[in-house]
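The chain contents come next:
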Amino acid sequence: MNDLVIVGVAVATAAGCTSVKNEYASYELYPVRSGSLTEMEYTSEATHFSVWAPTADEVRLMLYEAGEGGHAYTTVSMEAGEEGVWHATVKEDLMGKFYTFNIKIDDQWLGDTPGINAKAVGVNGKRAAIIDMKATDPEGWAGDRRPPLQSFADIVIYEMHHRDFSVSPASGIEHKGKFLAMTEEGTLSPEGLATGIDHLKELGVTHVHLLPSYDYASVDETKLSENQYNWGYDPQNYNVPDGSYSTDPYDPATRIREFKQMVQALHKAGIRVILDVVYNHTFNIAGSNFERTAPGYFYRQKPDGTYADASACGNETASDRPMMRKYMIESVLHWVNEYHIDGFRFDLVGLIDAETIQEIRKALDEIDPSIILYGEGWSLDTKTTKDYTFLATQNNVSRIDNFAMFNDSIRDALRGAVFVPKDKGYINGETSQTTSLKRYIQGMVSWSSLPYQQVNYASCHDNLTLWDEINTSNASDSYESRVKQNLMSAAIIYTAQGIPFIFSGEEMLRSKVSDDGTFDDNSYNSPDSVNSIKWDSLSGASQRKVYNYYKGLIEFRKAHPAFCNMEKASSYYKFNKDVEDGVIAYELAPCNGESSDGIYVIHNPLSKDVTVELPDGTWTICVSGSTAGTKSLGNVSGEITVDSLTTTILVK
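As the structure is a computational prediction, the values presented were derived from the model and not from experiment. (Residues numbered from 1 in each chain as written. Predicted model: local features only at pLDDT ≥ 70, side-chain atom pairs only at ≥ 80, totals over all residues. Heavy atoms only, no water.)

K.L.:
Looking at this structure, how should I read the packing of helix 4 (residues 322-339) against helix 5 (residues 354-365)?
P.N.:
The axes of two packed helices give the description: the angle between them and the distance between them. Contact geometry for helix 4 and helix 5: axes closest at 10 Å, N-to-C directions at 35°. The handedness of the crossing between helix 4 and helix 5 is right-handed. Together, Arg 325, Met 328, Ile 329, Val 332, Leu 333 and Val 336 of helix 4 and Glu 355, Thr 356, Glu 359, Ile 360, Ala 363 and Leu 364 of helix 5 make up the contact between the two elements. Tallied by class, the residues present in the contact of helix 4 with helix 5 amount to eight nonpolar, one polar and three charged. (Axes fitted to C-alpha atoms, helices over the stretch in contact; angles between N-to-C directions. Helix = DSSP H or I, 4+ residues; strand = E, 2+ residues; numbered from the N terminus. Left-handed = near helix turned anticlockwise from the far one by under 90°. Contact = heavy atoms within 4.5 Å. Nonpolar A, V, L, I, M, F, W, Y, C, P; charged D, E, K, R; others polar.)

K.L.:
Looking at this structure, I do not really get the side chain of Ser 319. What am I missing?
P.N.:
Mapped onto the elements, Ser 319 comes out in the loop between strand 15 (272-277) and helix 4. By relative accessible area, Ser 319 is classed as buried at 2%. In this structure the side chain of Ser 319 is engaged in a polar contact, spanning 3.3 Å, whose partner is the side chain of Arg 300. Contact partners of Ser 319, with chain neighbours within four places excluded, come to Arg 300, Met 324, Arg 325, Met 328, Leu 351, Ile 352, Asp 353 and Thr 356. (Buried < 20%, exposed > 50% of the residue type's maximum accessible area, 1.4 Å probe, protein only. Polar contact = N/O pair within 3.5 Å; in protein donor to acceptor, adjacent residues only side chain to side chain.)

K.L.:
Mind showing me how you'd approach the packing of helix 2 (residues 196-203) against helix 11 (residues 541-559) here?
P.N.:
Relative orientation of the contacting elements helix 2 and helix 11 amounts to 55°, with a least axis distance of 9 Å. The angle between the axes of helix 2 and helix 11 places the two elements in the oblique class. Only Tyr 547, Tyr 550, Lys 551 and Ile 554 of helix 11 make contact with helix 2, whose side of the interface consists of His 199, Glu 202 and Leu 203. A class-by-class count of the residues in the contact of helix 2 with helix 11 yields four nonpolar, one polar and two charged. (Parallel < 35°, antiparallel > 145°, perpendicular 65-115°, else oblique.)

K.L.:
Which parts of the structure should I look at to understand a negative patch on the surface?
P.N.:
Taken together, the side chains of Asp 578, Glu 613, Asp 616 and Glu 639 present a region of like negative charge at the surface. The residue Glu 639 is located in strand 28 (residues 639-642) in this model. (Patch = residues over 30% accessible without salt bridge, like charges linked within 9 Å, V, L, I, M, F, W, Y side chains within 5 Å. Areas by Shrake-Rupley, 256 points an atom, 1.4 Å probe, with all protein chains shown as cover. Salt bridge = Lys/Arg side-chain N within 4 Å of Asp/Glu carboxyl O. Lys, Arg positive; Asp, Glu negative; His and termini not counted. Charge placed at Lys NZ, Arg CZ, Asp CG, Glu CD.)

K.L.:
Please clarify how the pattern of salt bridges should be interpreted in this entry.
P.N.:
Inspection of every chain in the model, using the stated rule, returns 25 salt bridges. With a shortest N-O distance of 2.6 Å, Glu 338 and Lys 260 are connected by a salt bridge. You can see Glu 338 sitting in helix 4 and its partner Lys 260 sitting in helix 3 (residues 252-268), a full 78 residues away along the chain. Since its relative accessible area comes to 0%, Lys 260 is described here as buried. Beyond isolated ion pairs, a larger network of salt bridges with shared partners links Asp 276, Arg 345, Asp 347 and Glu 376.

K.L.:
How should I be thinking about the nonpolar core in this particular structure?
P.N.:
Looking at soluble globular proteins, one finds that nonpolar side chains tend to be buried together. Counting 132 residues, the largest nonpolar core has Phe 298, Phe 344, Phe 346 and Leu 437 as its most contacted members. The dominant element in this core, judged by the number of residues it contributes, is helix 4, at nine residues. One finds Leu 94, Ile 103, Val 121 and Ile 130 within the second-largest nonpolar core, a separate group that totals 23 residues. (Core = buried A, V, L, I, M, F, W, Y, C linked by side-chain atoms within 4.5 Å.)

K.L.:
Even after reading the chapter, I still don't get helix 5, so can you show me in this structure?
P.N.:
What sets the pattern is the α-helix's 3.6 residues per turn: residues three or four places apart point alike. Between its terminal C-alpha atoms helix 5 stretches 16 Å, which fits the 16 Å expected from 12 residues at 1.5 Å a residue. Three or more residues of helix 5 are buried, namely Ala 354, Thr 356, Ile 357, Gln 358, Ile 360, Arg 361, Ala 363 and Leu 364. Residues of helix 5 that are buried in the fold lie against helix 4, strand 16 (343-346) and strand 17 (372-375). (Expected span 1.5 Å × (residues − 1).)

K.L.:
Can you walk me through the packing of aromatic side chains in this structure?
P.N.:
Any two aromatic rings considered together are summarised by their centre-to-centre distance and by the angle between their planes. Enumeration according to the criterion identifies 41 aromatic pairs in this entry. Both rings, one in Tyr 99 and one in Phe 101, keep their centres 5.6 Å apart while their planes meet at 70°; by these two values the pair is edge-to-face. Using a relative accessible area of 0% as the deciding quantity, one classes Phe 101 as buried. When the ring of Tyr 457 is compared with that of Phe 501, the centres are 5.9 Å apart and the planes differ by 75°; the resulting orientation is edge-to-face. Of this pair, Tyr 457 sits in the loop between strand 19 (454-456) and helix 8 (466-473) while Phe 501 is found in strand 20 (residues 499-503), placing the two residues 44 residues apart along the sequence. When sorted by exposure, Tyr 457 lands in the same class as Phe 501, which is buried. (Phe/Tyr/Trp six-rings, centres within 6.5 Å; stacked < 30°, edge-to-face > 60°.)

K.L.:
Would you mind going over the state of the cysteines with me for this structure?
P.N.:
Formally, a disulfide is one covalent bond, and it connects the sulfur atom of one cysteine to the sulfur atom of another. On inspection of all chains with the given rule, the structure shows zero disulfides. Free of any disulfide, Cys 313 has its nearest neighbouring cysteine sulfur in Cys 460, separated by 14 Å. By relative accessible area, Cys 313 is classed as partly exposed at 41%. Cys 591 carries a free sulfur, and the closest cysteine sulfur to it, the one in Cys 564, is 9.4 Å from it. (Disulfide = S-S within 2.5 Å.)

K.L.:
Hey, could you run me through helix 6 (residues 408-415) in this one?
P.N.:
In terms of burial, helix 6 is a largely internal element, seven of the eight residues being buried. Looking at helix 6, one finds that the buried residues are Asp 408, Ser 409, Ile 410, Arg 411, Ala 413, Leu 414 and Arg 415. Packing partners of the buried residues in helix 6 comprise strand 18 (404-407), helix 7 (434-441), strand 19, helix 8 and helix 9 (479-495). Among the residues of helix 6, the N-terminal cap falls to Asn 407, whose side-chain oxygen and the backbone nitrogen of Ser 409 are separated by 3.1 Å. At the exit of helix 6 stands Gly 416, carrying a positive phi of roughly 100°.

K.L.:
It is not clear to me how the pairing of strand 17 should be interpreted in this structure. Could you clarify?
P.N.:
Looking along a regular strand, one sees side chains alternate from face to face of the sheet. Here strand 17 shows no split at all, with Ile 372 and Tyr 374 on one side and Leu 373 and Gly 375 on the other all buried. As paired elements, strand 16 and strand 17 share four bridges and run parallel to each other. By the bridge assignment for strand 17, Arg 345 is matched with Tyr 374. Since strand 16 and strand 17 lie parallel, the crossover through helix 5 that links them has a hand, and here it is right-handed. (Pairing = 2+ DSSP bridges. Right-handed = clockwise from strand over helix to strand, strands pointing away.)

K.L.:
What am I meant to see in the sheet that holds strand 18 here?
P.N.:
Through backbone hydrogen bonds, the strands of a sheet pair up, either in parallel or in antiparallel fashion. In space, the eight strands of this closed barrel follow the order 11-12-15-16-17-18-19-20, with parallel pairing throughout. Neighbour to neighbour, the strand axes of the sheet diverge by 30° on average, direction disregarded. As paired elements, strand 12 (residues 207-210) and strand 15 share four bridges and run parallel to each other. Each bridged residue has a counterpart across the sheet, and for Val 208 the counterpart in strand 15 is Val 273. Contacts from helix 5 reach strand 16 and strand 17, with the element oriented near 160° to strand 17. Strands in contact with helix 6 are strand 18 and strand 19; relative to strand 18, the strand with the most contacts, it is inclined by about 15°.

K.L.:
Explanation requested: the side chain of Glu 376 in the structure shown.
P.N.:
Among the secondary structure elements, Glu 376 is positioned in the loop between strand 17 and strand 18. Under the relative-accessibility criterion, Glu 376 is labelled buried at 7%. Side chain to side chain, Glu 376 and Arg 345 meet in a polar contact 3.2 Å long. Here Glu 376 is in contact with Arg 345, Phe 346, Asp 347, Leu 348, Val 349, Gly 350, Phe 406 and Asp 462, once residues within four sequence places are set aside.

Written out as structure tokens, the structure is:
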């Protein structure tokens, strides 16, 4: 028998378990746990367990030898304490053991849960693990530092999924689909072109946005040979890396160590790391860790008592309840402190209340104000929140300091409405978007005039890729014309005020084609044949041209801070009215530390060449046709002819 301390009993039962009963008239009356929500504190002499379960009759701690299979070798009765927290202490060295809690309410045991706050888990995340977190630190981890960042305006984001990025046989990467794929240097495609992390360094991005990397439920970690796939928007354990991206999902320390190695390698490469977080819903309700701890509390309900589903994903969480808010804040801080994460992208942040996001921002500012926060601020069904609850939507972004929203206005103006596949935007033939696009280029959208609040993009993991959208809407156009449309999209994104964001592979005409030959616009669980980046395509003449153009635009943007002005940017723009309808031509005056005497940008989406009169002086061409960068492509004065479907950028 283990040496256990079983804490006192409120009501003794025949089984000798602690039994109490707490009932509350509403969720608002539930006690809030003070201090940390940590549920396991280990020392070699004793381990203390605690779990917030304010309505429980009884709580049991179950100890296991392994992360799956077998039965608990010991069951410990926990004692009810203050603030709805139950406690137990085991006086022995539990290193390497696993545990769960089982909570009884109204004479019903809810089922095993690793708790809501597990920091290490066994395979498939069903049991929490007792490990030494310090032992998971890779060599040199204490010296790991964020790459320098002076301003949010300097950020260039690259969104990627672990498996997509490295699983192709042409990637040249050993650890395909794993965290460690991002640590491998010198990887090459069959044609000898840089892949993996070297590709990112060459491209010049400053931040990698990782699709969900916490422990999610839809991939069975015991069957990884079956090549399962999911984006990961189905959270199971929020505070643990997913085991499917580790080399050994059975060993709780491996996924933690390898995630840290990935972050360390990206930091060494000068790239910061953004984690995609999904606090707005969980994988399920009935079997979730939240529901098996405090039923109903962590989820929003409709007036009739049924669960809310504004996201259409189900299982919508209630961020405005104090313990959910506290949980989210601590979770974000855990990823920053333990894993050195540099930013967070909030999935469907429009379902999270603005006060919670503001509190997260404040907590992170105390650590490092350069940690970026942004999210999907779509306005969804808000009838389940209190009338005075402001949700973190685009229209409420002014209530949140230093938080950015995805700018769907510039996206749809550029390529057409994403939910209407054959719809057209500015780059693919709909020049009626010209007036709107001028505003967006200056960082002025209906919900904000502050560029740092706007994440500008043409494509992301959702919907058709940019290249697939162009091919869907303009299938009859020549291949050359369609490539030009892709280049123009990039030119606009990288010269607009705001934070530029691209979807991985966009820089090499990434396509997602299903087995039936159709374009896949919702590839969340599609096979590698659809989702993987085809690294061998990078050697194609068009793909290489597009890649070099994106690389050159990033280099050009970094060299000209006038494109990164943070406030009142519109006062520095002078648009040329003497151009053909549909053409956008403007002079951008020196600002924000710009070293040149002025920049002139011309976007010509027409199917014919146009001649544009230039302001006085001699201008150096830096972007023209399919070439972009900081090197001179020649000098010109008076006027310039811009080819059809191209952008020209000049510097004085």
